[in-house]
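This is what each chain is made of:
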Amino acid sequence: MKLFSDIWEFLKTLNFVDIVFFFAVLILMVLVVTLIYFIKINNDEEVKDKKEETAEMKIVREIQENLGKEEPTVNFTEYEKDQEDKAIISYDELLNKNNSKYGLNYEKEEVQDDFSVKKVNLDDLVNKNSEEVPKVDVRVISFAKEEAFLQALKQLQKELG
């Protein structure tokens, strides 16, 4: 009992500022201890997380290990091999495969998102054997003949339907 009375006498001699300062230091010590405790708990959980491997992580690890070991092989049938050999992927490849006597003149070439876009000049085709421009025979019917042909088609449609 003497201990409690001594503590009470000590507290009565303290000023208000001393009491506030005492409790502030006490609260600060409690906060530091809890902070250290939370840091220790988090470190333990991180170590546990690193040690435990989930099912998804196991699958990913197995796939990575198996990818490096063997090359996947595809067995083609004779038909598939023939189709693969005859496959034409680009227009340039088609021209080279057919040994066409004409080539293309490109006006402009642009690269957009890993694609090469070429503007073709159709008015100026190149003959690979000779540097002449090929002559193209174009037949054009007159506007009057085209209108007469259209009227004849309309008349035929009315008679049939």
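Analysis parameters
- Residues numbered from 1 in each chain as written.
- Predicted model: local features only at pLDDT ≥ 70, side-chain atom pairs only at ≥ 80, totals over all residues.
- Heavy atoms only, no water.
- Helix = DSSP H or I, 4+ residues; strand = E, 2+ residues; numbered from the N terminus.
- Buried < 20%, exposed > 50% of the residue type's maximum accessible area, 1.4 Å probe, protein only.
- Contact = heavy atoms within 4.5 Å.
- Areas by Shrake-Rupley, 256 points an atom, 1.4 Å probe, with all protein chains shown as cover.
- Phe/Tyr/Trp six-rings, centres within 6.5 Å; stacked < 30°, edge-to-face > 60°.
- Salt bridge = Lys/Arg side-chain N within 4 Å of Asp/Glu carboxyl O.
- Patch = residues over 30% accessible without salt bridge, like charges linked within 9 Å, V, L, I, M, F, W, Y side chains within 5 Å.

Attention now moves to the overall build of the chain. Within the chain one finds six helices and two strands. Secondary structure of the chain in N-to-C order comes out as α-α-α-α-α-β-β-α. Buried residues in the chain amount to 4% of all 161 residues. Relative to all contacts within the chain whose residues are 6 or more apart in sequence, the contacts with residues 24 or more apart total 23%. Entry remark: accessible area of the chain is about 15,900 Å², with carbon and sulfur atoms responsible for 60%.

The next thing to look at is the packing of aromatic side chains. According to the stated counting rule, one finds two aromatic pairs in the structure shown. Relative to phenylalanine 23, the ring of phenylalanine 22 has its centre 5.5 Å away and its plane inclined at 70 degrees; by these criteria the two rings are edge-to-face. Phenylalanine 22 gets classed as partly exposed once you look at its relative accessible area, which sits at 48%. Centroid distance tyrosine 37 to phenylalanine 38: 6.0 Å. Interplanar angle 55 degrees. Geometry classified as tilted. With respect to class, tyrosine 37 is no different from phenylalanine 38; both count as exposed.

This part takes up the pattern of salt bridges. Pairing between side chains becomes possible if they bear opposite charge and their charged atoms approach one another. Using the criterion set out here, one finds four salt bridges in the structure. Arginine 61 is the partner of glutamate 65 in a salt bridge, and the nearest nitrogen-oxygen pair spans 3.5 Å. With glutamate 65 and arginine 61 both in helix α3 (residues 55-69), this residue pair falls four residues apart, about one helical turn. A salt bridge links lysine 119 to glutamate 107; the shortest N-O distance between them is 3.6 Å.

Attention now goes to a nonpolar patch on the surface. A contiguous nonpolar surface patch, about 830 Å² in accessible area, is contributed by Phe21, Phe22, Phe23, Val25, Leu26, Ile27, Met29 and Leu31. Along the chain, the position of phenylalanine 21 falls in helix α2 (residues 16-51). Residue class for phenylalanine 21 comes out exposed when judged on its relative accessible area of 61%.

In this section: the environment of aspartate 92. Note on placement: aspartate 92 falls in helix α5 (residues 91-98). Taking relative accessible area as the criterion, aspartate 92 reaches 31% and is therefore assigned partly exposed. Non-local contacts of aspartate 92, meaning those with residues more than four positions away in its chain, are made with Tyr106 and Lys118.

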